[in-house]
Structure formats: C-alpha cells, structure tokens
Amino acid sequence: MITHHRAEVNGTSLHYVSAGSSGSPILLVHGFPETWYTFHKLIPLLAEHHRVFAVDLRGFGDSAPGSADSATAAEDLHRLIEHLGAGPVHLTGQDITGTTVFRLAAGHPEDVLTLTAIETGLAGYGVEALADVTHGGAWHIGVLAAPGVPEMLLAGREKEFLGKYAFPALTATPGAITDADIEEFARTYSRPDGWAGAAGLYRSMLREGDEIKALGALQTPVLAVGGGGGTFTADIMSRAAASEISSVVLDGVGHYVAMEAPGRLADAILGFIRDLEKN
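Now for a look at the structure at hand. (Residues numbered from 1 in each chain as written. Predicted model: local features only at pLDDT ≥ 70, side-chain atom pairs only at ≥ 80, totals over all residues. Heavy atoms only, no water.)

This part is about the overall build of the protein. Scanning the protein from terminus to terminus reveals 12 helices and 8 strands. Over its C-alpha trace the protein gives a radius of gyration of 17 Å, about what one expects of a compact globule, namely 19 Å for 279 residues. When its C-alpha atoms are laid out on the principal axes, the protein stretches across 50 × 40 × 40 Å. The buried share of the protein, reckoned over its 279 residues, is 57%. Contacts in the protein between residues at least 24 apart in sequence constitute 74% of all its contacts with a sequence separation of at least 6. The averaged location of the 33 negative side-chain charges in the protein is 2 Å from the averaged location of its 18 positive side-chain charges. (Helix = DSSP H or I, 4+ residues; strand = E, 2+ residues; numbered from the N terminus. Rg over C-alpha atoms; globule rule 2.2 N^0.38 Å. Buried < 20%, exposed > 50% of the residue type's maximum accessible area, 1.4 Å probe, protein only. Contact = heavy atoms within 4.5 Å. Lys, Arg positive; Asp, Glu negative; His and termini not counted. Charge placed at Lys NZ, Arg CZ, Asp CG, Glu CD.)

Before going further, it helps to examine the nonpolar core. Among the nonpolar cores identified, the biggest contains 89 residues, and Leu-27 and Phe-32 are the most heavily contacted of them. With 6 residues, helix H12 (residues 262-278) is the single largest residue contributor to this core. In contact with Phe-32, other than residues within four places in its own chain, are Phe-60, Asp-95, Ile-96, His-140, Leu-144, Phe-161, Tyr-189, Trp-195, Ala-198, Tyr-202 and Tyr-256. (Core = buried A, V, L, I, M, F, W, Y, C linked by side-chain atoms within 4.5 Å.)

According to the stated counting rule, one finds 15 aromatic pairs in the structure shown. On the basis of an interplanar angle of 85° and a centroid distance of 6.2 Å, the ring pair of Trp-139 and Phe-161 is categorised as edge-to-face. Residue Trp-139 is located in helix H4 (residues 139-145), and its partner Phe-161 is located in helix H6 (residues 158-170); the two are separated by 22 residues in the primary sequence. Residue class for Phe-161 comes out buried when judged on its relative accessible area of 7%. Grouping aromatic residues by their ring pairs yields a cluster made of Phe-32, Phe-60, Trp-139, Phe-161, Tyr-165, Tyr-189, Trp-195 and Tyr-202. (Phe/Tyr/Trp six-rings, centres within 6.5 Å; stacked < 30°, edge-to-face > 60°.)

Quick look at unusual backbone geometry now. Peptide bonds are, in most cases, trans, and in most cases residues other than glycine have a negative phi. In this structure, Pro-33 follows Phe-32 across a cis peptide bond, with omega equal to 0°. Mapped onto the elements, Pro-33 comes out in the loop between strand E3 (26-29) and helix H1 (43-47). Following Gly-87, the chain continues into Pro-88 via a peptide bond in cis, with omega recorded as -5°. With respect to the element layout, Pro-88 can be found in the loop between helix H2 (70-84) and strand E5 (89-95). For Asn-10, which is not a glycine, the phi torsion comes out positive at approximately 50°. Looking at the element boundaries, Asn-10 is found in the loop between strand E1 (3-9) and strand E2 (12-19). Assessed through its relative accessible area of 24%, Asn-10 is described here as partly exposed. Of note in this structure, Glu-119 is not a glycine but carries a positive phi near 45°. Looking at the element boundaries, Glu-119 is found in strand E6 (residues 112-120).

In terms of burial, E2 is a largely internal element, 8 of the 8 residues being buried. Burial along E2 is two-sided: Thr-12, Leu-14, Tyr-16 and Ser-18 facing one way and Ser-13, His-15, Val-17 and Ala-19 facing the other are all buried. Hairpin geometry of E1 and E2 is characterised by an intervening segment of 2 residues between the two adjacent antiparallel strands and by a positive phi of about 50° at Asn-10. Pairing between E2 and strand E4 (residues 52-55): 4 bridges, direction antiparallel. (Pairing = 2+ DSSP bridges.)

Using the criterion set out here, one finds 8 salt bridges in the structure. Ionic pairing is found between Arg-79 and Glu-75, a salt bridge with its closest N-O pair at 2.8 Å. Of this pair, Arg-79 and Glu-75 both sit in helix H2, separated by 4 residues, roughly a single helical turn. Here Arg-79 falls in the partly exposed class, since its relative accessible area comes to 32%. A network of salt bridges, in which partner residues are shared, links Asp-62, Glu-184 and Arg-187. (Salt bridge = Lys/Arg side-chain N within 4 Å of Asp/Glu carboxyl O.)

Structure (structure tokens):
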C-alpha cells in the first residue's frame, strides 16, 4: 500500500510516498512534466522486494511551491534521506532530474548505493542539445527556462499542454497514459507557481555544464535505461562514470518508461540491484 507523507527539510516542505517494509531502500525521483505519480504503477512492483520512496521535488506536485536549481534540489534529497533514516539508497532519476541525482551521488556518496538513470542526460555532457530547436530540440525547454514565460503561456492551459502535447508527443505505448493520469498531473501543475519547479531545473540545466563536469567521474554503480531515446542515456552516463555501466534499452517504449512499461522497468532495476547485492 502506498502511503503519503511530508518532510520539512532544507527550508521547504516535501511531499513523498512510501511503500514496502523490507529490503534495501529505493528512492525514485521524477522528471518533467511529472510528479511522484509517474511511478504509481512501478512502486508496487519494487515494493515486493524493497522499501520504496518517491518524492515530489521542490516546486512540483504536492511539495511546497518554489523554484530551485539542481544543486538545491540535490541538497533537498540529501536532507530527505537523512530525515527518512533510509540511507544509503538505490537512487533513480529520470528526464530533467539527471543532473540533480548525479550531484547527489557525487556530492554525498554515503547516501547512494546505486544510480539508475532513465531517459536522461547531464548538463555538460550534451543534454543541452535537447534545447536546440534548429537540430530537432524541444521548444518547451526554452519556454520553461525564460523568466515569466511559462506563467504567461501555460498557466490556465495545463491540461491542454500535458494532454495534447507533452505526453502524446513522447509516448509510444497506446493507452499507457490515461485521461485520469493527465487529470492528476494537471491538478498540481495548475496550482499557483505550478511551473516554478520545472523552470528552475531547466534554467539550471542550460548554465551548469562546466560545474557538473568539474565534479569528476561518478564512482557509484550506474544502470542506464533507455526508451524512446535509445542509447542516449547510456552514451552520456558511460562518459560520466568512473567504471563500466550497465544499460538496457526497452524497445517499443517511449520517453515515459515508468508509465509505459512498469513491469519491464521493474525487472531491469531489480535485476541490477540483485546482481550487485550478490557481490
């Protein structure tokens, strides 16, 4: 059973959910345009073997409003792990939160057993190219990164943006994301300053490349999971990790892997953790 909680950490209030009562802990960190809810089908599968936590980052979901760069978001996660008394965790991040979870693993290695990166990249390692619309990049990145523009263009149009563009454009599995799912995501993006969390992370992504590369190679074992992006995640994470990474590409799946193929994703994560815990 999934239960809901709040943690007052690092000057903000984070909403998170938990499930499972035994096994090493897993912390799931959503991307955009998501909240913890993107993992709602995955959590029960992982919780059969592990304690599982999924958080709404600052400015997202039912956490406190606000805008944060990836450094602040990583510190929020560090403090949340302390609050939970759950560390070290098997850390999972996707989409725009790749740099956030990388910062946490690099800056607080005592918090992180493994890192699973899903359909994500890293500032400084090429993810900025996704904002280059002249070479197939996504226009919404520039919109979100421009001060005041998300509020001007997207406020009041949350359901339309999510249901007619953001999810359909990057989903390859018919029926995987339902009208009820769109309603749940739109519920929190529609609140005052609902785009602030995403805006902070996208602005951060476009300016922090040199800082991320200066952190050096990641020592944590890494699993890279690709869906619609193919080997994009594995290519980037293999350059950022100190040792050989594990990787899997889920054919026929789009960008929203946790919602489109929760069973296959759970198998990949559980197998990765199981193999490491045997050694």
